[in-house]
Amino acid sequence: MERLDHFMARANAAYYATRDPFADFTTSPEISQVFGEVLGLWAAVTWGLLGSPASVVLAEAGPGRGTLMADALRAIAQAAPGFRTALTVHLVETSPRLRAVQAAAIGEAVWHDTLDTLPEVPTILLANEFLDALPIRQFVRRGACWAERFAGPDGFLEQAVADGPDIVAEDGQIVERCEAAESLVADLARRFSRAGGAALFLDYGPEVSGPGESLQAIAGGKPADPLVAPGTADLTAHVDFGRLAAVARAEGAFVAGPVAQGLFLARLGLFQRTNRLARSQAPDKAMALMDGARRLGEPDRMGRLFKVLAVGSPMARDVPGFG
Ligand code: SAH
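**As for the nonpolar core**
Here's step 1: Grouped together as the largest cluster of nonpolar side chains are 46 residues, with contacts concentrated most on W42, F83, L200, F264 and F322.
Here's step 2: Excluding residues within four positions of it along the chain, F322 makes contact with W42, L200, A256, G257, V259, F264, R267, V308, L309 and A310.
Here's step 3: By size, the runner-up hydrophobic cluster in this structure holds 43 residues, among which are L125, L184, A248 and V255.

**Focus: the packing of helix α3 (residues 33-49) against helix α4 (residues 67-79)**
Here's step 1: Two elements in contact, α3 and α4, have axes separated by 7 Å at closest approach and are oriented at 55 degrees. Compared by their axis directions, α3 and α4 come out oblique. As for the relative orientation of α3 and α4, their crossing is right-handed in sense. Every residue of α4 that contacts α3 at Q33, F35, G36, E37, L39, G40 and L41 is listed here: L68, D71, A72, R74, A75, I76 and A79.
Here's step 2: In terms of residue class, the contact of α3 with α4 is built from 8 nonpolar, 3 polar and 3 charged.

**Topic: the site of the ligand**
Here's step 1: In the vicinity of the ligand lie 17 residues, with T27, G62, G64, E93 and N128 positioned nearest.
Here's step 2: G62 has a polar backbone atom sitting 2.6 Å from a nitrogen atom of the ligand.
Here's step 3: Taking T94, its side chain carries an N or O atom lying 3.5 Å from a nitrogen atom of the ligand.
Here's step 4: Taking 570 Å² as the accessible area of the ligand by itself, protein coverage stands at 91%.
Here's step 5: For the shell around the ligand, the class distribution of residues is 8 nonpolar, 6 polar and 3 charged.

**Some details on the pattern of salt bridges**
Here's step 1: Per the stated rule, a full pass over the model turns up 20 salt bridges.
Here's step 2: The partner of R3 in a salt bridge is E179, with the nearest N and O atoms 3.9 Å apart. Of the two residues, R3 sits in strand β1 (residues 2-3) while E179 sits in helix α7 (residues 179-195), which places them 176 residues apart along the sequence.
Here's step 3: The partly exposed category is assigned to R3, whose relative accessible area is 23%.

**Some details on the pairing of strand β9 (residues 174-177)**
Here's step 1: Of the two faces of β9, the one carrying I174 and E176 and the one carrying V175 and R177 are both buried.
Here's step 2: The pairing of strand β6 (residues 137-142) with β9 spans 4 bridges and is classified as antiparallel. From the neighbouring strand, V140 faces β9, where its bridge partner is I174.

**A look at the sheet that holds strand β12 (residues 222-224)**
Here's step 1: The 3 strands are arranged β12-β11-β13 in an open sheet whose pairing can be described as antiparallel. With partners counted over all chains shown, the strands left at the sheet margins are β12 and β13 (234-236), one partner each. The average angle at which neighbouring strand axes cross in this sheet is 40 degrees, direction not considered.
Here's step 2: Taken together, the 3 bridges between strand β11 (residues 216-219) and β13 define a ladder with antiparallel strand orientation. Among the inter-strand pairings, A217 is bridged to a residue of β13, identified as L235.

**Regarding the environment of L4**
Here's step 1: Relative to the elements of secondary structure, L4 occurs in helix α1 (residues 4-18).
Here's step 2: Through-space distance from the C-alpha of L4 to that of L227 is 9.3 Å; in sequence the pair is 223 residues apart.
Here's step 3: Contact partners of L4, with chain neighbours within four places excluded, come to I136, Q138, R149, F150, F156, L215 and L227.

**Things to note about the side chain of E60**
Here's step 1: Its location among the elements puts E60 in strand β2 (residues 56-61).
Here's step 2: Buried E60, no salt bridge; nearest opposite-charge side chain is R65, N-O distance 12 Å.
Here's step 3: Apart from residues lying up to four places away in sequence, E60 is in contact with L68, M69, H90, L91, V92, L125 and L126.

**Notes on the packing of α7 against helix α8 (residues 241-250)**
Here's step 1: It is at 8 Å that the axes of α7 and α8 come closest, and there the two elements cross at 35 degrees. The two elements α7 and α8 meet at a crossing, and its hand is right-handed. For the pair formed by α7 and α8, the contact residues are A181, E182, V185, A186 and A189 on the first element and R243, L244, V247 and A248 on the second.

**Comments concerning unusual backbone geometry**
Peptide bonds are mostly trans, and most non-glycine residues show a negative phi.
Here's step 1: Cis peptide bonds are those with omega within 30 degrees of zero, and the linkage from G257 to P258 qualifies with 5 degrees.
Here's step 2: Topologically, P258 is positioned in strand β14 (residues 254-260).
Here's step 3: Its identity as a non-glycine residue notwithstanding, S52 has a phi of 45 degrees, on the positive side.
Here's step 4: Looking at the element boundaries, S52 is found in the loop between α3 and β2.
Here's step 5: In this structure, E129 is a non-glycine residue whose phi angle is positive, near 50 degrees.
Here's step 6: Of note, E129 is situated in the loop between β5 (123-128) and β6.

What counts, and at which threshold
- Residues numbered from 1 in each chain as written.
- Predicted model: local features only at pLDDT ≥ 70, side-chain atom pairs only at ≥ 80, totals over all residues.
- Heavy atoms only, no water.
- Core = buried A, V, L, I, M, F, W, Y, C linked by side-chain atoms within 4.5 Å.
- Buried < 20%, exposed > 50% of the residue type's maximum accessible area, 1.4 Å probe, protein only.
- Contact = heavy atoms within 4.5 Å.
- Axes fitted to C-alpha atoms, helices over the stretch in contact; angles between N-to-C directions.
- Helix = DSSP H or I, 4+ residues; strand = E, 2+ residues; numbered from the N terminus.
- Parallel < 35°, antiparallel > 145°, perpendicular 65-115°, else oblique.
- Left-handed = near helix turned anticlockwise from the far one by under 90°.
- Nonpolar A, V, L, I, M, F, W, Y, C, P; charged D, E, K, R; others polar.
- Near = heavy atom within 4 Å.
- Polar contact = N/O pair within 3.5 Å; in protein donor to acceptor, adjacent residues only side chain to side chain.
- Areas by Shrake-Rupley, 256 points an atom, 1.4 Å probe, with all protein chains shown as cover.
- Salt bridge = Lys/Arg side-chain N within 4 Å of Asp/Glu carboxyl O.
- Pairing = 2+ DSSP bridges.
- Lys, Arg positive; Asp, Glu negative; His and termini not counted.

Printed below as a string of structure tokens:
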């Protein structure tokens, strides 16, 4: 048997190294170019809040096909040429396969395996559907005690633990913990307090922390058993934004959100920008743009399940999109 986070890290590393994840699922930047464009404009405003430093890192964690960054850079070049000149592009990506795809989209990028090697300068980091791929542990309440769930050859196995989660749960309830996400956010918060900066995380998950199982596997576009055939399915879990916000605050960072993605994108002008762009397009392209914006923003589609959280140094506390 194997600890669930170790299993999930191994399974996802194999999955992203060998498969085309976009055959199994689609993501916001692939739905509409305006998604990356408005995030580029968010980054430009944030750069201004940071005092328009002459040298700044624009980073992305888990950039997929590079679509978000390419769209962001195009919007930045047009709307904020000073920021475009000041920035260097850094991508945090472990999959060699996806790095090659990203290189074709963004020739100027510098790649990293982890955030640790990013230069110590003011940094603006974007991360869409990145945290949900990081490995989780699961604990299950058994009477007055906690057990941890392990990946076994024929399904989940349980082992009693003395130091389970510090929350109230009912018998049989599952609580998930993503230590990788927590230490990543804590590291970023410390980096921002040294060198300045802000990060924007977009992902799916609840607004308020609590018990509940969310680990899921998608293979061939369909739900699969997460423990069977590791490396053939994309494993994800809901992001616990409430916990990550608390971690960032404990490190002295400012935190904005989480807010629903639909509200955030609407405040950044998703619909106005889409309408303006659609006017200059052929009818079929215009329809696709409008439908894409609705898919990202409407509450019963991606607008409510997806949340947005910003973390950064105090100077950037008024980042746009949070009301
Ligand atoms: N942000 C993209 C892709 C989301 S898929 C989009 O919105 O389309 C998840 C991405 O994170 C992939 O690029 C995957 O290779 C990368 N990834 C997953 N785990 C990672 C890890 N531990 N370190 C760095 N990158 C990782």
